[in-house]
Each structure stands twice: as C-alpha cells, then as structure tokens.
Amino acid sequence: MSGHILWQDRAIAFRAGESVASALLRAGVIAFGQAPTGQARAVFCGIGQCQNCLVQVDGRLAEACLTPCRTGMHILPETGACDV
Ligand code: FES
C-alpha cells in the first residue's frame, strides 16, 4: 500500500512499508523539529535508540524512524514543548 502523509499540511507520498522518517527524507525534509537543547531533530541511529527523530504523529510523540506511514497521518515537527 502507498499513499500520502501530511507534513505540516504538505502532502508527501510514501511507499509500501516505508517509515515516516524515510518518506520525509525522500521528500527532502531533513530537519524534523528542534530538541530542547536547540539542536535540530533528525535521523541519527535509524533504529529507535537515540530519540533524535521525534515528531508529533496525530498529536502524539513518536519516533519517525519506527513509525510506519499510514494514509492521512498528520505529522508535525517536535518543538520540545511536550514532555517526553
Ligand atoms: S533516528 Fe534514532 S530513534 Fe529514530
């Protein structure tokens, strides 16, 4: 299955089995938000260990590298405003 996720209301196509991180990177999105330290959130480990790719998925924090795409998901940058 493939479809589109919404990154800040921008439709981004994904391929079957693709993670949110992979779809965003393929679309040219390399910064996923800002950590409390001020550093940009981005893919680092790619296996769910570093938490550096946190984003908001339909209002909940999730690791973009571990979250499979589903059509219609709303993805927002993680701003550090939420408690982890
Ligand atoms: S890139 Fe490390 S948890 Fe996603």
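Residues numbered from 1 in each chain as written. Predicted model: local features only at pLDDT ≥ 70, side-chain atom pairs only at ≥ 80, totals over all residues. Heavy atoms only, no water.

Student: Give a description of the sheet that holds strand β2 (residues 10-14) that names residues and reports values.
Tutor: Here we have 5 strands laid out as an open sheet, ordered β2-β1-β7-β5-β6, and mixed in their pairing. Because the sheet does not close on itself, it has two edges, and the strands there are β2 and β6 (60-63). Strand-to-strand twist of the sheet, defined as the mean angle between neighbouring strand axes without regard to direction, takes the value 40°. Sheet analysis places strand β5 (residues 54-57) next to strand β7 (residues 74-77), joined by 3 bridges and oriented antiparallel. Bridge assignment links Val57 to a residue of β7, and that residue is Ile75. (Pairing = 2+ DSSP bridges. Helix = DSSP H or I, 4+ residues; strand = E, 2+ residues; numbered from the N terminus. Axes fitted to C-alpha atoms, helices over the stretch in contact; angles between N-to-C directions.)

Student: Any chance you could break down the nonpolar core for me, citing the residues and the numbers?
Tutor: Core analysis: the biggest nonpolar cluster contains 19 residues, and Ile5, Val20, Leu24, Phe32 and Ile75 have the highest contact counts within it. Listed by contribution, the elements that provide at least two residues to this core are β1 (3-7), β2, α1 (20-26) and β5. (Core = buried A, V, L, I, M, F, W, Y, C linked by side-chain atoms within 4.5 Å. Buried < 20%, exposed > 50% of the residue type's maximum accessible area, 1.4 Å probe, protein only.)

Student: Now, about the pattern of salt bridges: what can you tell me, with residues and values included?
Tutor: Evaluation of the coordinates by the stated rule reveals 2 salt bridges. Of the charged contacts, one joins Arg26 and Glu18 as a salt bridge, the two residues approaching to 2.7 Å between their closest N and O atoms. Given a relative accessible area of 38%, Arg26 falls into the partly exposed group. Ionic pairing is found between Asp58 and Arg70, a salt bridge with its closest N-O pair at 3.5 Å. Taken together, the residues span a long stretch of sequence, with Asp58 in the loop between β5 and β6 and Arg70 in the loop between β6 and β7 at a distance of 12 residues. Exposure remark for Arg70: the relative accessible area of 47% places this residue in the partly exposed category. (Salt bridge = Lys/Arg side-chain N within 4 Å of Asp/Glu carboxyl O.)

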